[in-house]
Amino acid sequence: MTTTQPARVPLGSLPPRAHLRLGEITTVLDVVIPVHNEETDLEPCVRRLHEHLTRTFPYGFTITIADNASTDRTPDVAARLDDALDEVTAVRLEQKGRGRALRTVWSLSGAPVLAYMDVDLSTDLNALLPLVAPLISGHSDLAIGSRLTRSSRVVRGPKREFISRTYNLILRGSLAARFSDAQCGFKAIRGDVAERLLPMVEDTGWFFDTELLVLAERAGLRIHEVPVDWVDDPDSTVHLVRTAADDLKGVWRVGRALATGALPLDRLARPFGDDPRDRELPGVPGGLARQLVGFCAVGALSTLLYLALYSLFRIAEGPQLANAAALLVSAIGNTAANRRLTFGVRGPGRAVRHQAQGLVVFAIGLALTSGSLAALDVAAGSPSHGTELAVLVAANLAATVLRFLLFRAWVFPDRERRDGPNDLTRSA
């Protein structure tokens, strides 16, 4: 019988998505309920969730009560439920913070699918199985409930509705987030993804899951959204103003980290699945089409910058000096953009070396464009500004092909793109 070799997994990345081998797993799902001073709501919540899962969930499950520094009778209620129900476990943390509670419990859990929901059970529990099913099947890496889709049914006041939609607009505008509802307390994640992603998340409070989603999305992980029916809890103890201020600080911190390439998102990359057509083929460069698209996009913007700078410098200088200055500035920006966006090299490792190599490529482009200007000057005497620009565009197009080949084969070779950011930093 012919066997097929498994897909090669790049160093530090996640394996291909695959359906869980459910027959080999005792506990498939671990649902975490983070609580702080919830002595009244905790027991009815847990018993209702336990009854629902027992009746509808076809696999083994665990409910974990994550008590983060409660000062009322919540620890006693959690301990009583732990004793009364086999599938319920109580964990006590001495520091407050929903994010801290989730990180602690998820990091210790052995379940392949991890979820959480708020203790008020505002979300209809019938959405739980659709939430985790794409993670069990291997289709998605994370799943979130959304109150903001057209098919969701939501009952809540105008103030919370306004705050929620405004917050998601801020995320879309500042962090380019594409998921629709960051704050819904109804989310799930694959255990293998959580193992890699949780150490990158800094927040320990309410911004925790927003940061988790933004980093996952930027790394190219698949986020599944489930429309939910949701009824607002009028007795919620969340402090809206303080939470909003903390969230905005988190948006600023994460945005800055993403802009500087400080996060090693490469290790979250997913290769294609088990379709043989998606595997690496001998003689076919990996990622070539995507790199060409990225290189062309960066090149178009660099060309516009270059032409604008040339026109600006040409006011005070001759064509050769204006061309050299404009090309130098645009080349530095072009190398940095291609390093991050086209070839996926993140972090400070070898950044200076890459810029030095980029300047060699710049020198080749300078020789081509300067030679073209010199040839034009000999042929036409005193050419018009429009003619100069046309010749420069043609010369840059010729240099672009060579620049891409040099970037791919010399400046950012395939070996560096496969290495993780930590490897680059160590070898810098």
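Above this text sits the structure in question.
Because the structure is a prediction, the values reported are computed rather than measured.

1. So, the pairing of strand β3 (residues 88–93)
Then comes step 1: Relative to β3, strand β2 (residues 61–68) runs parallel, the two being bridged by six bridges. Looking across to β3, one finds that A66 is bridged to V91.
Then comes step 2: Handedness of the β-α-β unit built from β2, helix α2 (residues 74–84) and β3 comes out right-handed.

2. A closer look at a nonpolar patch on the surface
Then comes step 1: Taken together, the side chains of V360, I364, L368, L402 and W410 present a nonpolar region at the surface, about 380 Å² in accessible area.
Then comes step 2: Broken down by secondary-structure element, the contributors of at least two residues to the nonpolar patch are α11 (351–380) and α12 (385–411).
Then comes step 3: No other element matches the three residues that α11 contributes to the nonpolar patch.
Then comes step 4: With relative accessibility at 41%, the residue V360 sits in the partly exposed group.

3. Some thoughts on the nonpolar core
Then comes step 1: Ranked by size, the top nonpolar core spans 42 residues in total, and within it W106, L142, F179, I189 and L215 carry the most contacts.
Then comes step 2: Those elements that provide at least two residues to this core are α3 (98–108), β4 (113–117), β5 (142–146), α5 (158–175), α6 (191–197), α7 (208–218) and α8 (240–260).
Then comes step 3: At six residues, α7 tops the list of elements feeding residues into this core.
Then comes step 4: Aside from chain neighbours lying at most four places away, what touches F179 is I144, N168, L171, R172, L213, V214, E217, I223 and E225.
Then comes step 5: Core analysis: the next-biggest nonpolar cluster, separate from the first, contains 40 residues, V35, I65, A127 and V226 among them.

4. Describing the pattern of salt bridges
Then comes step 1: Counting across every chain of the model gives 14 salt bridges.
Then comes step 2: When the shortest N-O distance is used, the salt bridge between R17 and D141 registers 2.8 Å. One end of the pair, R17, is in the segment before β1 (29–35); the other, D141, is in the loop between α4 (128–137) and β5, with 124 residues separating them in the sequence.
Then comes step 3: As a salt-bridge pair, R80 and E43 come within 3.0 Å of each other at their nearest N and O atoms. One end of the pair, R80, is in helix α2; the other, E43, is in helix α1 (residues 42–56), and 37 residues separate them in sequence.
Then comes step 4: The class for E43 is partly exposed, based on a relative accessible area of 23%.
Then comes step 5: Shared partners join several salt bridges into a network, and the residues in it are R98, D118, K187 and D209.

5. Let's talk about the packing of helix α10 (residues 319–342) against α11
Two numbers describe a pair of packed helices, the interaxial angle and the distance between the axes.
Then comes step 1: Two numbers describe how α10 lies on α11: the axes approach to 9 Å, and their chain directions differ by 145 degrees. Handedness of the α10/α11 crossing: right-handed. On α11, the residues touching P319, Q320, N323, A324, L327, L328, A331, I332, T335, A336 and R339 of α10 are A351, H354, Q355, G358, L359, F362, G365, L366, T369, S370, L373 and A374.
Then comes step 2: Among the residues making up the contact of α10 with α11, the classes are represented as 13 nonpolar, nine polar and one charged.

6. Some points on the packing of α1 against α2
Then comes step 1: Look at α1 against α2: their axes get within 10 Å of each other, and the N-to-C directions meet at 25 degrees. Classified by the angle their axes make, α1 and α2 are roughly parallel. Between α1 and α2 lies a crossing whose hand is right-handed. Contacts between α1 and α2 involve L42, E43, V46 and R47 from the former and T74, V77, A78, R80, L81 and A84 from the latter.
Then comes step 2: For the contact of α1 with α2, the per-class residue count stands at six nonpolar, one polar and three charged.

7. Points about the side chain of D203
Then comes step 1: Considering the arrangement of structural elements, one finds D203 in the loop between α6 and α7.
Then comes step 2: The buried charged residue D203 lacks any salt bridge partner; its closest oppositely charged side chain belongs to R253, at an N-O distance of 4.4 Å.
Then comes step 3: Among the polar contacts listed, one links the side chain of D203 to the backbone nitrogen of G205, at a separation of 2.7 Å.
Then comes step 4: Ignoring anything within four residues of it in the chain, the contact list for D203 reads R103, F208, E211 and R253.

8. Digging into the side chain of T342
Then comes step 1: Its place among the elements puts T342 in helix α10.
Then comes step 2: A distance of 3.4 Å separates a polar side-chain atom of T342 from the backbone nitrogen of F295.
Then comes step 3: In this structure the side chain of T342 is engaged in a polar contact, spanning 2.7 Å, whose partner is the side chain of N338.

9. Digging into the packing of aromatic side chains
Then comes step 1: Following the criterion strictly, the structure yields 10 aromatic pairs and no others.
Then comes step 2: Grouping aromatic residues by their ring pairs yields a cluster made of F295, F343, F404, F407 and F412.
Then comes step 3: Sitting over the face of the ring of W230, R147 holds its NZ or CZ atom 4.7 Å from the ring centroid.

Definitions and limits used
- Residues numbered from 1 in each chain as written.
- Predicted model: local features only at pLDDT ≥ 70, side-chain atom pairs only at ≥ 80, totals over all residues.
- Heavy atoms only, no water.
- Pairing = 2+ DSSP bridges.
- Helix = DSSP H or I, 4+ residues; strand = E, 2+ residues; numbered from the N terminus.
- Right-handed = clockwise from strand over helix to strand, strands pointing away.
- Patch = residues over 30% accessible without salt bridge, like charges linked within 9 Å, V, L, I, M, F, W, Y side chains within 5 Å.
- Areas by Shrake-Rupley, 256 points an atom, 1.4 Å probe, with all protein chains shown as cover.
- Salt bridge = Lys/Arg side-chain N within 4 Å of Asp/Glu carboxyl O.
- Buried < 20%, exposed > 50% of the residue type's maximum accessible area, 1.4 Å probe, protein only.
- Core = buried A, V, L, I, M, F, W, Y, C linked by side-chain atoms within 4.5 Å.
- Contact = heavy atoms within 4.5 Å.
- Axes fitted to C-alpha atoms, helices over the stretch in contact; angles between N-to-C directions.
- Left-handed = near helix turned anticlockwise from the far one by under 90°.
- Nonpolar A, V, L, I, M, F, W, Y, C, P; charged D, E, K, R; others polar.
- Parallel < 35°, antiparallel > 145°, perpendicular 65-115°, else oblique.
- Lys, Arg positive; Asp, Glu negative; His and termini not counted.
- Polar contact = N/O pair within 3.5 Å; in protein donor to acceptor, adjacent residues only side chain to side chain.
- Phe/Tyr/Trp six-rings, centres within 6.5 Å; stacked < 30°, edge-to-face > 60°.
- Lys NZ or Arg CZ within 6 Å of the ring centre and 35° of its normal.

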